[in-house]
Amino acid sequence: MTDTPVDLTKKPDKPKGLWRETFESLLRKPSAVAGMIILGSLLLIAIIAPLLATHPPNRVLLDVPEEGVSKRMDPCIHLFGCPKAGDELLNIKPDAAISMAALNSTGSLIMAVSGNTVEVWRTEDGSKLFSLPHEEPVRHAAWSANDQRILTASGEKLYVWDVNTREPLYILDHPGGATFVAWSRDGTRFASAGEQDVHFWLDCKQIAYSIACSGSSFGATTENKTFVDEGVAQLEEPWTSIQWDSNGTFLMIATGNKIQLWTSAGGVVYASKTIEHEAPVTSVRYNRESTRILSTSGNKLHIWRASSPYEELQVFEYDEPLASASWGEQTKEGNLRVLAMATSGNTLLVWDTRTGEQLDVVSAGDEPLRGAISPLATRYLGYSESTAYVWDADTNELLFSKDLDNGTIQNAVWQNTGGSIVVTGEQDIRVMKTSNFQYIMGTDGSLRDEYSRLIYATRVSLRVGFTSVTFAIILGTIAGAIAGYMGGWTDNIIMRIMDVMLAFPPLILAIAVVTILGPGLNNALIAISVVFIPAYARVVRSGVLSVKEQDYVMADRALGVSPMRILFRRILPNVMAPLIVQATLGIGTAILDAAALSFLGLGAQPPTAEWGYMLSEERNQLFTAPHLVFFPGLAIMITVLAFNLLGDGLRDALDPRLNR
Amino acid sequence: MGTFILRRLILSIPVLLGILFLTFALTRLLPGDPCRAALQEKATEEACNAFNQRYGLDRPITVQFKIYLQDFVQGDLGTSIKYNYSVMRLIVERLPTTLELSIMAMFFAVAVGIPLGLLSAYYHNSSIDIGTMVIANIGVSMPVFWLGLMLAYFFAVVLKGTPFVLPPSGSQSPGMQIQPFYEAWGLNIEPARSSVWAFISNMTITNAALAGDWAGFKDGFRHMILPMVALGTIPMSIIARMTRSSLLEVLGQNYVKTARAKGAYERNVVLNHAFRNAMLPVVTIIGLSLGSLLSGALLTETIFGLAGVGSALYDAINGRDYTVVQAFTVIIAVIFVIINLLVDVLYVFLDPRIRLN
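This is a predicted model, so every value here is computed, not measured.

Chemist: I keep staring at the overall build of chain B and nothing clicks. Help me out?
Modeler: Helix and strand counts for chain B come out as 16 helices and 0 strands. Its C-alpha atoms give chain B principal-axis dimensions of roughly 80 × 55 × 45 Å. Buried residues in chain B amount to 49% of all 357 residues. Here chain B has roughly 17500 Å² of accessible surface; of this, 63% comes from carbon and sulfur atoms.

Chemist: Looking at this structure, I do not really get the overall build of chain A. What am I missing?
Modeler: Helix and strand content of chain A: 13 helices and 32 strands. Going through the 660 residues of chain A one by one, you find that 55% of them count as buried. Across chain A, every contact between residues at least 6 apart in sequence was considered, and the portion connecting residues at least 24 apart equals 53%.

Chemist: Where do I start with the confidence of the model for chain A in this structure?
Modeler: Caution applies to low-pLDDT regions: their predicted coordinates should not be interpreted in detail. Residues and elements named next belong to chain A. Put simply, chain A has an average pLDDT of 83, and 88% of its residues get 70 or more. A low-confidence stretch, residues 63-73 stays under pLDDT 50, and its non-local contacts, those more than four residues away or across chains, total 50 contacts. Contacts of residues 216-223 to residues separated by more than four positions or lying in other chains number 8 contacts, the stretch itself having pLDDT below 50.

Chemist: Just checking my understanding: could you explain the pairing of strand 21 (residues 312-317) of chain A for this structure?
Modeler: Residues in a regular strand point their side chains to alternate faces of the sheet. Residues and elements named next belong to chain A. Here strand 20 (residues 300-305) pairs with strand 21 via 5 bridges, running antiparallel. Looking across to strand 21, one finds that Lys300 is bridged to Glu317. A loop of 6 residues connects strand 20 with strand 21, the two strands running antiparallel in sequence, and Tyr310 in this loop sits at a positive phi of about 55°.

Chemist: Explain the confidence of the model for chain B here, please?
Modeler: In this model, chain B carries a mean pLDDT of 83, and residues with pLDDT of at least 70 account for 94%. As scored by the predictor, the complex reaches a pTM of 0.73 and an ipTM of 0.89.

Chemist: Could you clarify how one ought to interpret the pattern of salt bridges in this entry?
Modeler: Side chains that differ in sign of charge can pair as their charged atoms come close. All names here are of chain A. This model, assessed by the stated rule, comprises 25 salt bridges over all chains. A salt bridge links Lys93 to Asp428, with the shortest nitrogen-to-oxygen separation between them at 3.8 Å. Of the two residues, Lys93 sits in the loop between strand 1 (88-92) and strand 2 (98-103) while Asp428 sits in the loop between strand 31 (420-424) and strand 32 (429-433), which places them 335 residues apart along the sequence. Among the charged side chains, a salt-bridge network with shared partners connects Glu88, Lys93, Asp428 and Arg430.

Chemist: Is there a simple way to think about the interface of chain A and chain B in this case?
Modeler: You'll often see interface size given as the accessible area lost when the parts meet. Counting residues at the interface gives 43 residues for chain A, matched by 47 residues for chain B. Three residues, Ile508(A), Ile516(A) and Leu600(A), lead the burial of chain A against chain B; their summed loss comes to 16% of the area buried on that side. Inspection of the region where chain A meets chain B yields 1 salt bridge. Close ionic contact of Arg241(B) with Asp648(A) constitutes a salt bridge, the shortest N to O distance being 3.1 Å. Counting across the interface, chain A meets chain B through 5 residue pairs in polar contact (both at pLDDT 80 or more). For the side of chain A that touches chain B, the elements supplying multiple residues, two or more each, are helix 7 (488-502), helix 8 (506-517), helix 11 (563-599) and helix 13 (626-654) of chain A. By residue number, the principal contributor to the side of chain A that touches chain B is helix 13 of chain A, which donates 13 residues. By residue class, the composition of the side of chain A that touches chain B is 34 nonpolar, 4 polar and 5 charged.

Chemist: For this particular structure, what's the right way to read the packing of helix 13 (residues 266-304) of chain B against helix 14 (residues 309-318) of chain B?
Modeler: In a packed pair of helices, the relevant descriptors are the angle between the two axes and the axis-to-axis distance. All names here are of chain B. In the contact formed by helix 13 and helix 14, the axes pass within 7 Å of each other and the chain directions differ by 85°. Between helix 13 and helix 14, the angle is such that the two are roughly perpendicular. Here Ala297, Leu298, Glu301 and Thr302 of helix 13 come into contact with helix 14, specifically with Val309, Gly310, Ser311, Leu313 and Tyr314. Class assignment of the residues belonging to the contact of helix 13 with helix 14 gives a composition of 5 nonpolar, 3 polar and 1 charged.

Chemist: Please clarify how the nonpolar core should be interpreted in this entry.
Modeler: Across soluble globular proteins, nonpolar side chains have a tendency to be buried as a group. Ile511(A), Leu597(A), Phe145(B) and Phe328(B) are the most contacted members of the largest nonpolar core, which has 148 residues in total. Here the element with the most residues in this core is helix 11 of chain A; it accounts for 18 residues. When residues no more than four places from it in sequence are discounted, the contact partners of Phe145(B) are Ala595(A), Ala596(A), Phe599(A), Leu615(A), Ile636(A), Leu299(B) and Ile303(B). Grouped together as the second largest cluster of nonpolar side chains are 16 residues, Ala102(A), Val118(A), Leu132(A) and Trp161(A) included.

Chemist: I would appreciate a short explanation of the pairing of strand 16 (residues 258-265) of chain A in the present structure.
Modeler: Residue and element names in this part refer to chain A. With 7 of 8 residues buried, strand 16 is to be regarded as a mostly interior element. Direction of pairing for strand 15 (residues 251-255) relative to strand 16: antiparallel, over a ladder of 5 bridges. Counted as the bridge partner of Ile253 is Gln260 from strand 16. The antiparallel pairing of strand 15 with strand 16 creates a hairpin that spans 2 residues between the two strands, and Gly256 there sits at a positive phi of about 60°. What sits between strand 16 and strand 17 (residues 268-276) in their antiparallel hairpin is a turn of 2 residues, with Gly266 showing a positive phi close to 60°.

Chemist: Would you explain the sheet that holds strand 8 (residues 157-162) of chain A in this entry?
Modeler: What links the strands of a sheet is backbone hydrogen bonding, and the strands pair in either a parallel or an antiparallel sense. All names here are of chain A. One open sheet holds the 4 strands; their spatial order is 6-7-8-9, and the pairing between them is antiparallel. Only two strands of the sheet have a single partner each, and these edge strands are strand 6 (138-143) and strand 9 (168-173). Sheet twist, expressed as the mean angle between neighbouring strand axes with direction ignored, is 15°. Pairing between strand 6 and strand 7 (residues 149-154): 5 bridges, direction antiparallel. Note that in strand 7 the partner of Ala142 across the bridge is Leu151.

Chemist: Any chance you could explain the packing of aromatic side chains here in plain terms?
Modeler: How two aromatic rings sit relative to each other is set out by the distance from centre to centre and by the angle between their planes. Residues and elements named next belong to chain B. Taken as a whole and assessed by the stated rule, the structure comprises 22 aromatic pairs over all chains. Between Phe24 and Tyr68 the ring centres are 5.6 Å apart and the planes differ by 40°, which places this aromatic pair in the tilted class. With Phe24 in helix 1 (residues 2-29) and Tyr68 in helix 4 (residues 61-73), this pair connects stretches of sequence that are 44 residues apart. Neither residue differs from the other here; Phe24 and Tyr68 are each classed as buried.

Chemist: Just to check I follow, could you spell out a nonpolar patch on the surface for this structure?
Modeler: All names here are of chain A. Side chains of Ile474, Leu475, Ile478, Ile482 and Met486 sit close together on the surface and give an oily, nonpolar patch of about 460 Å² of accessible area. Looking at the element boundaries, Leu475 is found in helix 6 (residues 450-486). According to the relative accessible area criterion, Leu475 is partly exposed, its value standing at 43%.

Chemist: How should I be thinking about the packing of helix 7 (residues 144-158) of chain B against helix 11 (residues 214-251) of chain B in this particular structure?
Modeler: Residues and elements named next belong to chain B. Close contact between helix 7 and helix 11 brings their axes to 9 Å; oriented N to C, the two are set at 145°. Relative to helix 11, helix 7 is oriented so that their crossing is right-handed. Of the residues in helix 11, those touching helix 7 at Val144, Leu147, Gly148, Leu151, Ala152 and Phe155 are Leu226, Val229, Ala230, Thr233 and Ile234. Its residues placed into classes, the contact of helix 7 with helix 11 shows 9 nonpolar, 2 polar and no charged.

Chemist: It is not clear to me how helix 6 of chain A should be interpreted in this structure. Could you clarify?
Modeler: One full turn of an α-helix is made of 3.6 residues, so residues set three or four places apart face in the same direction. Residue and element names in this part refer to chain A. Look at helix 6: 53 Å from first C-alpha to last across 37 residues, which is about the 54 Å you get at 1.5 Å a residue. Roughly 25° is the biggest bend found in helix 6, and it falls at Tyr456. Positive backbone phi, at 65°, marks Gly487, one or two positions downstream of helix 6.

Chemist: Before we go on, may I ask you to explain the environment of Thr387(A) in this structure?
Modeler: One can find Thr387(A) in strand 28 (residues 387-392). With 87 residues separating them along the chain, Thr387(A) and Ile474(A) place their C-alpha atoms 70 Å apart.

Chemist: Got a minute to help me understand helix 11 of chain A in this structure?
Modeler: If you check helix 11 of chain A, its first and last C-alpha atoms are just 44 Å apart, much less than what 37 residues at 1.5 Å a residue would give, namely 54 Å. Along helix 11 of chain A, the helix axis deviates most sharply at Leu572(A), where the bend reaches about 55°; the proline Pro573(A) sits within four residues downstream.

Cut-offs applied
- Residues numbered from 1 in each chain as written.
- Chains lettered and ligands numbered in written order.
- Predicted model: local features only at pLDDT ≥ 70, side-chain atom pairs only at ≥ 80, totals over all residues.
- Heavy atoms only, no water.
- Helix = DSSP H or I, 4+ residues; strand = E, 2+ residues; numbered from the N terminus.
- Buried < 20%, exposed > 50% of the residue type's maximum accessible area, 1.4 Å probe, protein only.
- Areas by Shrake-Rupley, 256 points an atom, 1.4 Å probe, with all protein chains shown as cover.
- Contact = heavy atoms within 4.5 Å.
- pLDDT = per-residue confidence, 0-100.
- Pairing = 2+ DSSP bridges.
- Salt bridge = Lys/Arg side-chain N within 4 Å of Asp/Glu carboxyl O.
- Buried area = accessible area lost by both parts, 1.4 Å probe.
- Polar contact = N/O pair within 3.5 Å; in protein donor to acceptor, adjacent residues only side chain to side chain.
- Nonpolar A, V, L, I, M, F, W, Y, C, P; charged D, E, K, R; others polar.
- Axes fitted to C-alpha atoms, helices over the stretch in contact; angles between N-to-C directions.
- Parallel < 35°, antiparallel > 145°, perpendicular 65-115°, else oblique.
- Core = buried A, V, L, I, M, F, W, Y, C linked by side-chain atoms within 4.5 Å.
- Phe/Tyr/Trp six-rings, centres within 6.5 Å; stacked < 30°, edge-to-face > 60°.
- Patch = residues over 30% accessible without salt bridge, like charges linked within 9 Å, V, L, I, M, F, W, Y side chains within 5 Å.
- Left-handed = near helix turned anticlockwise from the far one by under 90°.
- Expected span 1.5 Å × (residues − 1).
- Bend = angle between axes of the 7 residues up to and from the residue.

Given below as structure tokens:
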């Protein structure tokens, strides 16, 4: 390089050449190229995030598609062939004809009663888990609330099976035989119903101090007592519907024109309340908390208070007889709407219980329908003997209808997650999906789309990385330049402060700073910038020191060029190379530290979509939903890796000493 | 050499003072209000006044710093605002686990990292080299907490039912009772909470080994494997990269060429001539990664449910217990400075050039 004054006023050629050379040398390194490609893609993803994401990042998916109901749903693994509405997720075919089927409470197992056996299948892959053989045909079966026991009614006997050992724990007698069994929600008792008699059974292992168990009101418990028959509810007419309330206190029986709430106390079973109707009760349902009773009788749909004084709260009328009552609770934009549904012929009718207005009327086919609202009231299900229909609750559009080619539909119910329906035919049990929606990576614990959040979080992380490093570079450059240029005491003081800051492990210092500033993404960003200042200050200072005494800077000084101009035009271009290397590697570290801060609850605050925070939010679900932990961490890793690869490549390219 | 160590010791005093001043300044000079940070919504005017009086925050800054220094020199690191225990007691109780974990992680990092770097340099530009460097690059880019969670999932869930299954949390199996080693030795002492005896017996694996409890040792070790790998992976990657680049640099030097020209086996050249000299920067990097190990321990202990300093710090962060956070920051920084000092001293032994200057 020549030192003629002409050269000084002209922009030097060398840096330009250096950059081109650097870039070419980067292109020769496969790892650096990989880094650049990943980084480019990440920037692109960040920019076009709204196009890539399928949902807004913070939208709670309660009111849109029903799959969101399933907490932390599994991702659709077969990316190109995810099932659509009406597709069969599962088709279970037991050997003999099916008389009934029931899902367990988590929806992971399905029980099919066929002939003399009860078969239990896994809903995940449709494989048979075990079967429980009986001597006589099984008439009815039920899961206990905790899914640990199965109750079956076969002949004149009741069997209580242990799901784990697959052995009958107890065999009890129900004279005349039961056609219906039901566990109470707390699992301490169950009811078995014959034609007009309903037996109450109590588990003495759980409620040992009951009179029914001990035999007297004062008596000590008898060891090894099993289920005891507390008493029998004798009905005047055959029952049409039986349901336990959510506490396991009352058994609601619809019989003739009446609804009776039976209970047991002091070893006596009695009807504590009778609700009279004008016409025979065709169906009756408790709502989820057992605070209301919905019943259909004649042309009317009644809503009753399920506690004293049991008055009629509302009544809806229709021209035709109603049946098949069902509740639905819809959360829409924060408003809770309680829906009541009943069917009449081939028509489904839905009322809003608060306003009393009739919301929807949908009909299909010619045959009479039975039906139910999905758990979050986003879909309506109706089924006749041959066909199952699913409607969208918002648009009343028929989503799909499915004919059962072999045999008739005995029953169709919503899976308790609401994502699919379980249709029980005579020969097979089918699980069908009810929407076209698909969450590529499932939903997180707050029912938000994991994939969309992951995409949007790219913006946050890149922003944090770039901004914090930019701040650190600006402050570090100022500090380093002043220290290097002034020298002496100023230099000493500034650099000793930097030494002290370097004495802290970066993350620990950042934690200390954020703890004082208060948690939050911006404070985390400030903390990270502060922590990184010394690294840049050192680089700039050493650059300034090496250039300060060079002849061309001396010449500038002699010519009276302002120190600022010397700094920006002469000195900084020389420090640029190491600074850029440091910055590229620094962004990766900044992103990693920001994620760690968010993981510790000090960075991004809910509901921000940020990888570290997303990961920490779901870390307790690691063993049930590992994908929710896996994907955000993978995203962090890929991003940091890209910056590291590029930084390493730049360093090698700019430092000829390492070039081998 | 003595003068070098002495000079190095004297030089670290201003840094230690600086650390104390900086942590002090953080709470007093930053815009955040310690009272508001600690009491949150309960921070009324009166409550804050009482708070400031209790913790001496209403006195002049210089007086506060003087008291702070005095307390620190006397080993009083303050009292937790939330739980009212002394921070020093907490550190004595929790440090053994962290120490044990860090040493094991460092051992893992060195024992795996150096051979990997060596292999990589030895088979320069081969597929072994590329593979090793890919692993090392991924290793430095991984968030510790993610690696920990993934390891826990893989070894506790995926490998369930195989002999490779490892416990995902805790430092002992439930019901596993290991006798303190001094009791096993038949020493009739009732050690104070903060004595050396208690300190050592708080280290699960060391205690089991000293007590001769083979089952307890195996159990404790099995619990430590996953945290050790999670914590050790980043230093391991850094060490592997450093070993490789340092070895490659040394291998290009003239005396190595001379050795080769003499007809020494390549193995001999790499392991005996080059390796020793290439280790100098590696030692530095080992010392430096001890710092990242300390912050990594915070995340690792949280994930694996180990009762170490890191998880105590995590609880303090979540409880907005800023005195504890502050005290831990100081302690960790001081440990970091001491480690750097030790590394420098070690350098003197390794590198004759420094000794002669």
